Amino acid sequence: MFYRVNMATLAVSKDDGPQYQGLGGRALSSRIVSAEVDPAAHPLGAANKLVFVTGLLSGTGAPNGGRMSLGAKSPLTGTIKESNVGGPMSTKLGRLGIRGIIVEGLPNKDVPYVLKVTAAGIAIEEAPGLKGLDIYDTAAALQKQYGAKAAVGCIGTAGENKMAQACVGFTDMEGAPTRQAGRGGLGAVMGSKGLKAIVVDDARGRPVSFADEAAFRAGAKKLSGALLAHPVTSQGLPTYGTDVLANILSEAGGLPTRNFSSGRFEGANNIGGETLHATAMERGGKTGHGCSPGCIIRCSNIYKDKKGDVLTGGFEYESCWSLGADLGIDNLDDIALMNRLCDDYGVDTIETGVALGVAMEAGVAKFGDSKAAIELIKEIGKATPLGRILGSGAEVTGKAFGITRVPTVKGQAIPAYDPRAVKGVGVTYATTPMGADHTAGYSVTANILSVGGKVDPLKPEGQVDLSRNLQIATAFLDSTGLCLFVAFAVLDIPEALEGIIEMCNARFGWQKTADDYLEMGKQVLRDERAFNAGAGIGQGDDDLPEFFRKEQLPPHNVVFDIPKSELDKVFNF
Amino acid sequence: MQIEVRLYATLRQAAPDAPAGVLTVAASAGATVADLLALVNVDPAAVRLLMVNGIAADLGRVLRDGDRLGVFPPLGGG
Ligand code: SF4
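Attention here is on the structure that accompanies the text.

**Quick word on the sheet that holds strand β15 (residues 310–313) of chain A**
All names here are of chain A.
Here's step 1: Read from one edge to the other, the open sheet built from three strands follows the order β13-β14-β15, with strand pairing classed as antiparallel. The open sheet terminates on both sides in strands that have one partner only, identified here as β13 (286–289) and β15. Along the sheet, successive strands turn relative to each other by an average axial angle of 20°, direction set aside.
Here's step 2: In this structure, strand β14 (residues 300–304) lies alongside β15, joined through three bridges in antiparallel fashion. Looking across to β15, one finds that Ile 302 is bridged to Gly 313.
Here's step 3: Its contacts with the sheet put helix α10 (residues 273–282) on β13 and β14, and the angle it makes with β13 is roughly 110°.
Here's step 4: Set on the sheet, helix α12 (residues 332–345) makes contact with β14 and β15; between it and β15 the angle comes to about 70°.

**A look at the interface of chain A and chain B**
Here's step 1: Chain A puts 31 residues into the contact, and the matching count from chain B is 20 residues.
Here's step 2: In total, about 2000 Å² of surface goes out of reach between chain A and chain B, with carbon and sulfur atoms giving 60% of it.
Here's step 3: Residue Glu 251 of chain A is joined to Arg 68 of chain B by a salt bridge in which the shortest nitrogen-to-oxygen separation is 2.9 Å.
Here's step 4: Linking chain A with chain B are eight residue pairs in polar contact (both at pLDDT 80 or more).
Here's step 5: The set of elements that each furnish at least two residues to the side of chain A that touches chain B consists of α7 (231–240), α8 (245–251), α11 (317–322), α18 (444–449) and α20 (487–492) of chain A.
Here's step 6: Top contributing element to the side of chain A that touches chain B by residue count: α7 of chain A, with five residues.
Here's step 7: Classifying every residue of the side of chain A that touches chain B by side-chain character gives 17 nonpolar, nine polar and five charged.

**As for the sheet that holds strand β4 (residues 55–56) of chain B**
All names here are of chain B.
Here's step 1: Across the sheet, which stays open at both edges, the five strands sit in the order β2-β1-β5-β3-β4 with mixed pairing between neighbours. What marks the edges here is a single partner per strand, and that holds for β2 (22–26) and β4.
Here's step 2: Pairing geometry for strand β1 (residues 2–7) and strand β5 (residues 68–72), over four bridges, is parallel. Across the sheet, Glu 4 pairs through a bridge with Arg 68, a residue of β5.

**Description of the side chain of Asn 532 of chain A**
Residues and elements named next belong to chain A.
Here's step 1: Looking at the element boundaries, Asn 532 is found in helix α22 (residues 514–534).
Here's step 2: Judged by relative accessible area, Asn 532 falls into the buried class, the value being 3%.
Here's step 3: Beyond its immediate stretch of four places on either side in the chain, Asn 532 contacts Thr 79, Ile 80, Pro 433 and Ile 537.

**Side note on the pairing of β5 of chain B**
In the case of a regular strand, side chains alternate between the two sheet surfaces.
Residues and elements named next belong to chain B.
Here's step 1: In terms of burial, β5 is a largely internal element, five of the five residues being buried.
Here's step 2: In β5, alternate side chains face the same way, and those of Arg 68, Gly 70 and Phe 72 on one face and Leu 69 and Val 71 on the other are all buried.
Here's step 3: As paired strands, strand β3 (residues 49–52) and β5 are joined by four bridges and run antiparallel to one another. In the strand pairing of β5, Leu 50 is matched with Val 71.

**Looking at the packing of helix α13 (residues 349–361) of chain A against helix α16 (residues 394–401) of chain A**
When two helices pack together, you describe them by how their axes are tilted relative to each other and by the distance separating the axes.
All names here are of chain A.
Here's step 1: Relative orientation of the contacting elements α13 and α16 amounts to 15°, with a least axis distance of 8 Å. As summarised for this structure, α13 and α16 are arranged roughly parallel, according to the angle between their axes. Classified by chirality, the crossing of α16 by α13 is right-handed. For the pair α13 and α16, the contacting residues are Glu 351, Val 354, Ala 355, Val 358 and Ala 359 in the first and Ala 394, Thr 397 and Gly 398 in the second.
Here's step 2: Here the residues of the contact of α13 with α16 sort into five nonpolar, two polar and one charged.

**Looking at the pattern of salt bridges**
Residue and element names in this part refer to chain A.
Here's step 1: Summed over the entire model, instances satisfying the criterion amount to 41 salt bridges over all chains.
Here's step 2: Two residues, Arg 468 and Asp 465, come together in a salt bridge whose shortest N-O distance is 2.8 Å. Remark: Asp 465 and Arg 468 occur in helix α19 (residues 463–480); sequence separation between them is three residues, near one turn of the helix.
Here's step 3: For Arg 468, a relative accessible area of 11% corresponds to the buried category.
Here's step 4: Look at the salt bridges and you will find they share partners, linking Arg 4, Asp 15, Glu 36, Lys 49 and Glu 104 into a network.

**Considering the packing of helix α1 (residues 25–36) of chain A against α19 of chain A**
Residues and elements named next belong to chain A.
Here's step 1: For the pair α1 and α19, interaxial distance at closest approach is 4 Å and the crossing angle is 95°. Taken together, the axis directions place α1 and α19 in an arrangement best described as roughly perpendicular. Of the residues in α19, those in contact with Gly 25, Arg 26 and Ala 27 of α1 are Thr 474, Ala 475, Asp 478 and Ser 479.
Here's step 2: Taken together, the residues of the contact of α1 with α19 sort by class into two nonpolar, three polar and two charged.

**A closer look at the site of the ligand**
Here's step 1: In the vicinity of the ligand, 14 residues are found, and the nearest of them are Cys 291, Ser 292, Cys 295, Cys 299 and Cys 483 of chain A.
Here's step 2: Of the residues assigned to the shell around the ligand, the class counts are six nonpolar, five polar and three charged.

The rules behind the values
Residues numbered from 1 in each chain as written. Chains lettered and ligands numbered in written order. Predicted model: local features only at pLDDT ≥ 70, side-chain atom pairs only at ≥ 80, totals over all residues. Heavy atoms only, no water. Pairing = 2+ DSSP bridges. Helix = DSSP H or I, 4+ residues; strand = E, 2+ residues; numbered from the N terminus. Axes fitted to C-alpha atoms, helices over the stretch in contact; angles between N-to-C directions. Contact = heavy atoms within 4.5 Å. Buried area = accessible area lost by both parts, 1.4 Å probe. Salt bridge = Lys/Arg side-chain N within 4 Å of Asp/Glu carboxyl O. Polar contact = N/O pair within 3.5 Å; in protein donor to acceptor, adjacent residues only side chain to side chain. Nonpolar A, V, L, I, M, F, W, Y, C, P; charged D, E, K, R; others polar. Buried < 20%, exposed > 50% of the residue type's maximum accessible area, 1.4 Å probe, protein only. Parallel < 35°, antiparallel > 145°, perpendicular 65-115°, else oblique. Left-handed = near helix turned anticlockwise from the far one by under 90°. Near = heavy atom within 4 Å.

What follows is the structure, given as structure tokens:
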């Protein structure tokens, strides 16, 4: 079932979406956006649409099957955008039989609206009391009104102020808004539509039906067996979370430090997963936290302050890096506070950290000064002119301050792996239709982690093939509603992919092969690239900023040396 | 010769008193990565990633005075 919500007329309609059969997650959101949004549309204008869609396996109870995709034309990049998020919402939507909610038009009235989604359908409600509230207060107010079990997705003041890097925050299993559809400014699109929140209550929802339930269960068992057998998904991630990467990347010389001027950070251990784990344990926090129903890997966490009060959750490597090493900051408590502020105002931690790094390069504050960094983030919350510059992302910040070392691709900040020392992920940053995004083709696996083979991270050879294969496989995985972290098992244990294929086939009565699903991944990339081309963003934009090819990165003193002509071979299918 | 050994994640249990898992170990000339692991009581079967001066290495790699050896179990993130 698909719902269309028109914010201009406040009308809701529903249909079966025959044109979108066989699609889920990123394949579905990118297809809807490319079919229904004029690529020339202004991202904050009436012609853009914001879609919330479930994955092929949402609501089935598939292991780690709790992701939901949001899509729109991005105000940050001007490209098509898919941003996926955990928490229980996609499972609830799946149980309500909802595959997509398409939010259209702009409202005529300046009042925050809430979409209330239940077994009875979708109601648009006015919520004047939520105006100007940040995400934690918004979620708490909505839980009070609609019940603690309802899943909430909402924007903070950054989204209301239509800042180009605003995110959408979602509640986790305990109801805390610690999960974000973080990248690409979809919170600003939501704000432009006057939509403050979406609330999903699946009371009287029904279990998802299967074409062949026994085959589905057998497939699910294969995937869960692989997740429980692979050391990364069964031990590393539940114990230390994603932030265990801080020390690995620093050791490998690929941890971007002080606005991408070094690849090794002397304070890496203070911000790394080992320290995060020890601190969480000491203060009665938690690691091994699952953000969504059916999560076996449980990479998430709850981080408490020195007094033992919860400060933040879902405290990820990317955030510990962007608000830490990239700013020369190694005080984990201060970084946790910054993470909390970003989650509360509703901005992307990666984009915010990188924007702050660029601002520090310009002398707005000193590298290493965590108190100044906290104050800068508060400017975003106050929407001062400086806060609006930072809230517009790293590229705008670079322009505002006349800085040349601005690590962005297609207007989106480069995440936590320096492309000079982890070249495979550099290829992904340069070429993915999303703008710089590590998750779109996570070559860090073979480059650094010895997962899915080995490709020397410092040499140009093999990186284009590695990135291409991962981008295709990821576009498929992002369409299933599975958390991408299943990929660690998929890359090393054949039963994992078999299980995924069997679950998708058994859910819908399909006979598709691995090749068919990879073709689905390829088609996602074709859809997205066609949209981008229509928006004036083409192959010429598939490259890294100049400084990565010119400035050597210590300690290995390497540059990004994959020729542009090689990058252009990524999409040769 | 002196080698700086850096243990990470669960492997730090082999040296609970070493701050941040960093040890300076005296080894004889010609010692390999495997020799160093034996000196610090780390079981090679528990190790997935080895880096010498930040570059991937294997157990047979011969070390030189002043080398920095990073030792990790299987890990991932994103
Ligand atoms: S592995 Fe982590 S991100 Fe994925 S569903 Fe579990 S807790 Fe959420």
